[in-house]
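Residues per chain, in single letters:
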Amino acid sequence: MRRLFSFVLVISLFIPALVHAASLTAATKEFVLENGMKVLIVEDHKAPLATFQIWYRVGSRNEPVGKTGMSHLLEHMMFKGTPAYGSKQFSTIIQRNGGTDNAFTTKEHTTYFQSLASDRIGISIELEADRMRNLLLDPKEVIAERNVVMEERRMRYEDDPQNLLYEELIATAFTAHPYRWPVIGWMSDIASIEREHLADYYRRYYSPGNAVIVIAGDVYPEKILPLIEKHFGSIPPVENKLHAVPTREPQQQAEKRIYLRKETAELPYILIGYHVPPFPHEDNYALDVLSTVLSGGKSSRLYRSLVYEKRMAISAFADYSSFYRDPFLFILGANAAPGQDIEEIEKALYQEMNGIIKEPPSEREIQKAKNQIEASFVFAQDSNYSKAMNTGMFEMLGGWRLMDTYLEGIRKVTAAEVQAVARKYFGAANKTVGILLPAKSGKPEKKDKE
């Protein structure tokens, strides 16, 4: 969860006002249209601005075998026009009205958003309702955009050795669960997606019952709801609702390890992933605090030890997000400094984790980490975009009111609980290690093993 609010990196240990922050959901109101579409409105009248977001409960976890990347490709196609608005006109209209727009796909959901002057937010409502119902999916545009996504995959993964190691680590850590395939999809799967595959996917999942609208900013429910009802209310519900993913990842029985050697890698790089539970789980809060103790700024344990004191790495981090509906990974990582042995860096990462397993963090470290996490939440309330984003993300997790529950859980975390989750999840049999080596390195080739 920490990564979602990472724009706040450093904060003083003593911020008593944050401890008593008011409910973050007090300004949120929920409505449901007759066709099943949920609408969440977060009023904030400090400035004449508003953000419109629409969240679809479909991501890469929902894709059929052999068609990975379909959610992401459909996201691209949503900008390719309807009978009323041609290809790329959506973004052009938003920009001409002084706004910005974009979209993203994750393993769990697909989200589209625009930020505009509040008196023009009706433009977003009309355009989004139009493309929820009337997307063209022109066959020529499908082929062109499929090629664009394949090139995107080459640039972002196959030509980026660190991203490629991350992709390989995830694919190795998960044996059965669809989390093992990348959001952008495997190259051969992307190449096999045709217009009819996207059309079926669009009809099945882009429907009122699988979507949530979130509007944050200078809007009034009594004025904005009739507009939403006008444009979205006539869209019929779809009977074939999103199916739950039945697959449960079996418990890992032994350490897994992969080595990746690339000519484009300049320095060795390591990632170590441990399976951890999804949100909401009672251990999420302590894991989030543990992540911040290890990696919450330059005074945190990993940076101070591996980068500043031992000078063996140019970066060292813990990456944990509980924003998954099924168990995912807590990741430790480091980028070696020139001339340093990646195996010694791996040992140093274990030493830092073992230090917490043997002795809990100090009360000062725990309070500092909790303050950092809570500050990120509170400061996010200054942005319409962040408020809408947080509301939407928690709604996807199980309900927007969980935002307050989450903060309550963080406030209650103790040093003993952080030590307990370290002992519970950071064992050898629960980990997958990925090591990236420059191809020009003189080190001998190492074989994969599981």
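Computed from a predicted structure; not experimentally measured. (Residues numbered from 1 in each chain as written. Predicted model: local features only at pLDDT ≥ 70, side-chain atom pairs only at ≥ 80, totals over all residues. Heavy atoms only, no water.)

**A few points about the overall build of the protein chain**
Each helix and strand in the protein chain was counted, giving 16 helices and 11 strands. In terms of overall dimensions, the protein chain is globule-like: its C-alpha atoms have a radius of gyration of 23 Å, near the 22 Å expected for 450 residues. Taking the principal axes of the C-alpha coordinates as reference, the protein chain spans close to 60 × 55 × 40 Å. Looking at the protein chain as a whole, 56% of its 450 residues are labelled buried. Looking at the protein chain alone, contacts between residues at least 24 apart form 83% of all its contacts between residues at least 6 apart. Looking at the protein chain, you have 55 positive and 57 negative side-chain charges, and the mean spots of the two groups are 2 Å apart. (Helix = DSSP H or I, 4+ residues; strand = E, 2+ residues; numbered from the N terminus. Rg over C-alpha atoms; globule rule 2.2 N^0.38 Å. Buried < 20%, exposed > 50% of the residue type's maximum accessible area, 1.4 Å probe, protein only. Contact = heavy atoms within 4.5 Å. Lys, Arg positive; Asp, Glu negative; His and termini not counted. Charge placed at Lys NZ, Arg CZ, Asp CG, Glu CD.)

**A short note on the pairing of strand E10 (residues 328–336)**
Most of E10 sits out of view: nine of its nine residues are buried. Bridge analysis of strand E8 (residues 269–276) against E10 gives eight bridges, and the strand direction is antiparallel. Bridge pairing links Tyr274 to Phe330 in E10. Where strand E9 (residues 313–320) and E10 come together, seven bridges link them in antiparallel fashion. (Pairing = 2+ DSSP bridges.)

**Observations regarding the packing of aromatic side chains**
Taken as a whole and assessed by the stated rule, the structure comprises 25 aromatic pairs. Considering the side-chain rings of Phe174 and Phe328, the 5.6 Å spacing of their centres and the 20 degrees angle between planes classify their relative orientation as stacked. Of this pair, Phe174 sits in the loop between helix H6 (161–173) and helix H7 (187–192) while Phe328 sits in strand E10; the two residues are 154 residues apart in sequence, bridging distant segments of the chain. Phe174 gets classed as buried once you look at its relative accessible area, which sits at 1%. Consider the rings of Tyr320 and Phe330, whose centres lie 5.4 Å apart with planes at 25 degrees: the pair is stacked. (Phe/Tyr/Trp six-rings, centres within 6.5 Å; stacked < 30°, edge-to-face > 60°.)

**A look at the sheet that holds strand E1 (residues 28–32)**
Read from one edge to the other, the open sheet built from six strands follows the order E1-E2-E6-E3-E5-E4, with strand pairing classed as mixed. Both outer strands of the open sheet, E1 and strand E4 (100–105), are each paired with one neighbouring strand and no more. This sheet shows a mean twist of 15 degrees between the axes of neighbouring strands, independent of strand direction. Sheet analysis places strand E3 (residues 49–56) next to strand E5 (residues 110–117), joined by eight bridges and oriented antiparallel. The residue bridging Leu49 from the neighbouring strand is Ala117, located in E5. In the packing of helix H9 (residues 221–232) onto the sheet, the strands contacted are E1, strand E2 (38–43), E3 and strand E6 (211–217), and the crossing angle to E2 comes to about 150 degrees. (Axes fitted to C-alpha atoms, helices over the stretch in contact; angles between N-to-C directions.)

**Things to note about the nonpolar core**
Counting residues in hydrophobic clusters, the biggest one holds 66 residues, and the most contacted among them are Leu290 and Phe330. Ranked by residue count, the leading element in this core is helix H12 (residues 342–358), at eight residues. In contact with Phe330, not counting residues within four places along its chain, are Ile272, Gly273, Tyr274, Val276, Leu287, Leu290, Ser291, Leu294, Ala318, Asp319, Tyr320 and Phe426. Ranked by size, the runner-up nonpolar core spans 50 residues in total, among them Ile94, Leu127, Val142 and Ile184. (Core = buried A, V, L, I, M, F, W, Y, C linked by side-chain atoms within 4.5 Å.)

**A word on the environment of Glu34**
Within the secondary structure, Glu34 is located in the loop between E1 and E2. Accessibility expressed as a relative area gives 84% for Glu34, which makes it exposed. Placed 213 residues apart in sequence, Glu34 and Thr247 show a C-alpha to C-alpha distance of 32 Å.

**Let's talk about the pattern of salt bridges**
Scanning all chains against the criterion turns up 26 salt bridges. Of the charged contacts, one joins Arg57 and Glu395 as a salt bridge, the two residues approaching to 3.1 Å between their closest N and O atoms. Taken together, the positions of Arg57 in the loop between E3 and helix H2 (70–77) and Glu395 in helix H14 (residues 384–397) put the pair 338 residues apart, joining distant regions of the chain. Look at Arg57 and you get partly exposed, because its relative accessible area is 22%. (Salt bridge = Lys/Arg side-chain N within 4 Å of Asp/Glu carboxyl O.)

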